[in-house]
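Structural features, examined
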Amino acid sequence: MSDVILETDGLSRTFGALVAVDGVTLSFRRGQVHAIIGPNGAGKTTLINLLSGELPPSAGTIKLRGRDITRAKADEVSLLGVGRSFQKTNIFQSFTCFENCWLGAQSRLPTSMRFFRPASVYREVEARARRAIELCGLTHRCDTPAGAMSYGEQRQLEIGMMLATEPELLLLDEPLAGMGSEEAVQVVELLKRLAADHTLILIEHDMDAVFAVADLLTVMVNGRVLETGTVEQIRASKAVREAYLGDEEGGGH
Ligand SMILES: Nc1ncnc2c1ncn2[C@@H]1O[C@H](COP(=O)(O)OP(=O)(O)OP(=O)(O)O)[C@@H](O)[C@H]1O
Ligand SMILES: [Mg+2]
């Protein structure tokens, strides 16, 4: 199917005796928001680390636009248009919003260009950084050091840094983690904006947010895919309710 952007087949990762990701076979469609949910320790972050090239798999394959990227390293995967955010913030506190995004923008350049940098390349990097800041909603914070911004804004900035690489596919690991409800609303709005012209793979524990933005949900438990379905299908699933959502959440539907 040509609208599949990323697919895994039997993807696994062990840490010693622990099977953190266990034979995951999934397809991610272009333009969709595909959420991955599951209890703590289910293997969600490890799966993202495999998809982004942060970690090599122990078994299985990953294909991006039909091309095998199973052994690709993180910087190669990034150059192929895959951006990822981390569960914990990963920004430079003493750098301004613009400087952080500028770093993101130039990290997408091939290494040779980083040393030999004609003015046009420099201008393009700057333009990318500014577009990213605007898209993540931080234009008014452009010259503010990241460390002086609220926690929620810092998480937005982290998404901005990723956007500065102009990815087609975004891997987001708990973008709402640790946020107050007002900040969370901002980021849900941002996710909706991003969904308009990106493919998103979203790990998130906040079920209201997931149900608000996801086209498709995959539930992981103990490293395995328990079920994949639409919001309605997952909410109605007895297996999911028992394994993860809890009776309270599922009981109302
Ligand atoms: N680098 C590592 N070395 C050893 N064990 C690891 C490593 N990374 C993850 N694990 C283990 O793999 C399992 C899956 O962890 P992972 O972080 O992928 O879960 P998660 O679904 O993201 O959980 P959470 O919702 O708490 O973020 C856990 O048991 C974890 O302790
Ligand atoms: Mg995690």
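Residues numbered from 1 in each chain as written. Chains lettered and ligands numbered in written order. Predicted model: local features only at pLDDT ≥ 70, side-chain atom pairs only at ≥ 80, totals over all residues.

Attention now goes to the overall build of the protein chain. Assigned secondary structure in the protein chain consists of 10 helices and 10 strands. Relative to the 2.2 N^0.38 estimate, which gives 18 Å for 253 residues, the radius of gyration of the protein chain is 18 Å and therefore close to what a compact globule would have. Expressed along its principal axes, the backbone C-alpha trace of the protein chain runs to roughly 55 × 40 × 35 Å. Of all 253 residues assigned to the protein chain, the portion counted as buried reaches 43%. At a minimum sequence separation of 6, the contacts of the protein chain that also span at least 24 residues come to 66%. (Helix = DSSP H or I, 4+ residues; strand = E, 2+ residues; numbered from the N terminus. Rg over C-alpha atoms; globule rule 2.2 N^0.38 Å. Buried ≥ 20, exposed ≤ 12 C-beta atoms within 10 Å, placed from the backbone. Contact = placed C-beta atoms within 7 Å.)

This part covers the nonpolar core. The biggest cluster of nonpolar side chains holds 68 residues, and the ones touching the most others in it are Cys 101, Ala 129, Ala 132 and Cys 136. In this view, Cys 101 contacts Ala 129, Ala 132, Ile 133, Gly 160, Met 161 and Ala 164; residues no more than four positions away in its chain are not counted. (Core = buried A, V, L, I, M, F, W, Y, C linked by C-beta atoms within 7 Å.)

Now for the sheet that holds strand β4 (residues 59-64). Reading across from one edge, β2-β1-β4-β5 is the order of the 4 strands in this open sheet, with antiparallel pairing throughout. Since the sheet does not close on itself, it has two edges, and those belong to β2 (18-29) and β5 (67-68), each with one partner. (Pairing = 2+ DSSP bridges.)

Before going further, it helps to spend a moment on the site of ligand 1. Close to ligand 1 lie 12 residues, the nearest being Phe 15, Ala 20, Lys 44, Thr 45 and Thr 46. The element that contributes the greatest number of residues to the shell around ligand 1 is helix α1 (residues 44-51), accounting for 3 residues. (Near = placed C-beta within 6 Å.)

Of the strand pairs in this sheet, strand β1 (residues 4-15) and β2 are connected by 8 bridges, and their pairing is antiparallel. If you follow Leu 11 over to β2, its bridge partner there is Val 24. Between the end of β1 and the start of β2, which pair antiparallel, lie 2 residues, with Gly 16 showing a positive phi angle near 60°.

The subject of this paragraph is unusual backbone geometry. Residue Glu 166 is not a glycine yet carries a positive backbone phi of 50°. The topology assignment puts Glu 166 in the loop between α6 (151-163) and β7 (169-173). The residue Glu 174 is not glycine, and still its phi comes out positive at about 55°. Looking at the secondary structure, you find Glu 174 in the loop between β7 and α7 (181-195).

For α7, which comprises 15 residues, the first-to-last C-alpha distance of 21 Å matches the rise-based estimate of 21 Å (1.5 Å per residue) to within 8%. For α7, the secondary structure elements touched by its buried residues are α6, β7, β8 (199-203) and α8 (207-213). (Expected span 1.5 Å × (residues − 1).)

Okay, the sheet that holds β8 next. Across the sheet, which stays open at both edges, the 6 strands sit in the order β6-β7-β8-β3-β9-β10 with mixed pairing between neighbours. At either margin of the open sheet sits one strand with a lone partner, and together these are β6 (82-84) and β10 (224-229). For this sheet, the mean inter-axis angle between neighbouring strands, taken without regard to orientation, is 15°. Pairing analysis gives 5 bridges linking strand β9 (residues 216-221) to β10, with the strands arranged antiparallel. Within the sheet, the bridge partner assigned to Val 221 lies in β10 and is Arg 224. Contacts from α1 reach β3 (33-37), β6, β7, β8 and β9, with the element oriented near 150° to β7. (Axes fitted to C-alpha atoms, helices over the stretch in contact; angles between N-to-C directions.)

So, about the environment of Tyr 244. Relative to the elements of secondary structure, Tyr 244 occurs in helix α10 (residues 238-251). Along the backbone, Tyr 244 and Asn 100 are 144 residues apart, and their C-alpha atoms lie at a distance of 37 Å.

Here we come to the packing of helix α3 (residues 97-107) against α6. Between α3 and α6, the shortest axis-to-axis distance is 7 Å and the interhelical angle comes to 35°. The chirality of how α3 crosses α6 is right-handed. Side by side, α3 and α6 meet where Cys 97, Asn 100, Cys 101, Leu 103 and Gly 104 of the first sit next to Leu 157, Gly 160, Met 161 and Met 162 of the second. Residue composition of the contact of α3 with α6, grouped by class: 6 nonpolar, 3 polar and no charged. (Left-handed = near helix turned anticlockwise from the far one by under 90°. Nonpolar A, V, L, I, M, F, W, Y, C, P; charged D, E, K, R; others polar.)

Looking at where Arg 71 falls in the secondary structure, it is placed in the loop between β5 and α2 (74-79). The class of Arg 71 is exposed, set by 11 C-beta atoms lying within 10 Å. Taking the C-alpha atoms as reference, Arg 71 lies 19 Å from Lys 44; in sequence the two are 27 residues apart.

Once that is clear, we can look at the confidence of the model for the protein chain. On average, residues of the protein chain score 90 in pLDDT, and 91% of them reach the 70 mark or higher. Under a pLDDT of 50 for its full length, residues 249-253 has, in the predicted model, 6 contacts with residues more than four places off or in other chains. (pLDDT = per-residue confidence, 0-100.)

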